[in-house]
Amino acid sequence: MTTSFKEKIYKITRRIPKGKVATYGQLALLAGKPKAARAVGSFMRTNPDAPRTPCHRVVSKNGALTGYSMKKGIVTKKHMLLAEGVPFIGEKVDIKKALWTGVI
DNA sequence: CCCGTGACATCGG
DNA sequence: TCCGATGCCACGG
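Residues numbered from 1 in each chain as written. Chains lettered and ligands numbered in written order. Predicted model: local features only at pLDDT ≥ 70, side-chain atom pairs only at ≥ 80, totals over all residues. Heavy atoms only, no water.

Enquirer: In this structure, what is going on with the protein's contact with DNA strand C? I would like to understand it.
Expert: Lining the immediate environment of DNA strand C, one finds Phe5, Lys33, Lys35, Ala36, Arg38, Ala39 and Phe43. Of what DNA strand C places within 4 Å of the protein, 58% of the atoms are sugar or phosphate. A distance of 2.8 Å separates a base nitrogen of DNA strand C from a polar side-chain atom of Arg38. A per-element tally of the surface near DNA strand C places helix 3 (residues 37–46) first, with three residues. (Near = heavy atom within 4 Å. Polar contact = N/O pair within 3.5 Å; in protein donor to acceptor, adjacent residues only side chain to side chain. Helix = DSSP H or I, 4+ residues; strand = E, 2+ residues; numbered from the N terminus.)

Structural data, given as structure tokens:
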């Protein structure tokens with residue numbers, strides 16, 4: 001099973017509660033690799049469990065929405081987060097308030 | 001086994 | 001404040 005770093009990332013991503021968001025670095029940190037943020041993004045891009053992994057709840061550390069297929073997809077992502085109750089500031093997530101603590 | 005790629009993060013100028 | 005460059009990690013071919 002895998003114990004793959006990738007699997008771990010997916011698992012953690014699924015734990016993100018509604019109305020909260022996590023950063024790639026945060027996921028990497030929880031997975032045990034504080035510097036693997038880049039790898040995390042790669043996994044989302046691969047994202048074999050798209051419907052199972054709410055990758056839309058994962059944003060960059062500054063709260064900017066990145067990825068999601070294309071820049072146009074960013075809009076959809078924004079709407080999804082907004083619909084979940086995630087505070088937004090312009091085109092960015094209010095990472096200060098919506099950042100997932102990582103511990104529930 | 002080596003190389004290239006990528007949805008990040010961080011530092012310096 | 002903005003821009004550019006570097007480092008890190010894992011995957012696929």
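Enquirer: Looking at this model, I keep getting lost on the nonpolar core. Mind explaining?
Expert: Here is a general trend for soluble globular proteins: nonpolar side chains tend to be buried in one another's company. Residues Phe5, Ile9, Ile16, Leu27, Val40, Met44 and Val58 are the most contacted members of the largest nonpolar core, which totals 17 residues. Among the elements of the structure, helix 1 (5–15), helix 2 (24–31) and helix 3 are those that each provide at least two residues to this core. Dropping the residues within four chain positions of it, Leu27 is found in contact with Ile9, Ile12, Thr13, Ile16, Ala22, Val40, Met44 and Val58. (Core = buried A, V, L, I, M, F, W, Y, C linked by side-chain atoms within 4.5 Å. Buried < 20%, exposed > 50% of the residue type's maximum accessible area, 1.4 Å probe, protein only. Contact = heavy atoms within 4.5 Å.)

Enquirer: How do you make sense of a positive patch on the surface when you look at a structure like this?
Expert: Where like charges cluster on the molecular surface, the positive patch consists of Lys8, Lys11, Arg14, Arg15 and Lys33. Among the secondary structure elements, Arg14 is positioned in helix 1. (Patch = residues over 30% accessible without salt bridge, like charges linked within 9 Å, V, L, I, M, F, W, Y side chains within 5 Å. Areas by Shrake-Rupley, 256 points an atom, 1.4 Å probe, with all protein chains shown as cover. Salt bridge = Lys/Arg side-chain N within 4 Å of Asp/Glu carboxyl O. Lys, Arg positive; Asp, Glu negative; His and termini not counted. Charge placed at Lys NZ, Arg CZ, Asp CG, Glu CD.)

Enquirer: Even after reading the chapter, I still don't get the protein's contact with DNA strand B, so can you show me in this structure?
Expert: As a matter of local geometry, DNA strand B sits amid 16 residues, with Tyr24, Arg38, Ser42, Met44 and Arg45 nearest to it. For DNA strand B, the backbone portion of the atoms within 4 Å of the protein, that is sugar and phosphate, comes to 46%. Looking at the surface near DNA strand B, the elements with two or more residues in it are helix 2 and helix 3. At seven residues, helix 3 tops the list of elements feeding residues into the surface near DNA strand B. Classifying every residue of the surface near DNA strand B gives six nonpolar, seven polar and three charged. (Nonpolar A, V, L, I, M, F, W, Y, C, P; charged D, E, K, R; others polar.)

Enquirer: Just checking my understanding: could you explain the environment of Glu84 for this structure?
Expert: Examined against the element boundaries, Glu84 turns out to sit in helix 4 (residues 71–84). You can call Glu84 buried: its relative accessible area is 18%. Along the sequence, Glu84 and Lys20 sit 64 residues apart, while their C-alpha atoms lie 8.3 Å from each other. Once residues lying within four places of it in the same chain are set aside, the contact partners of Glu84 are Lys18, Gly19, His56 and Arg57.

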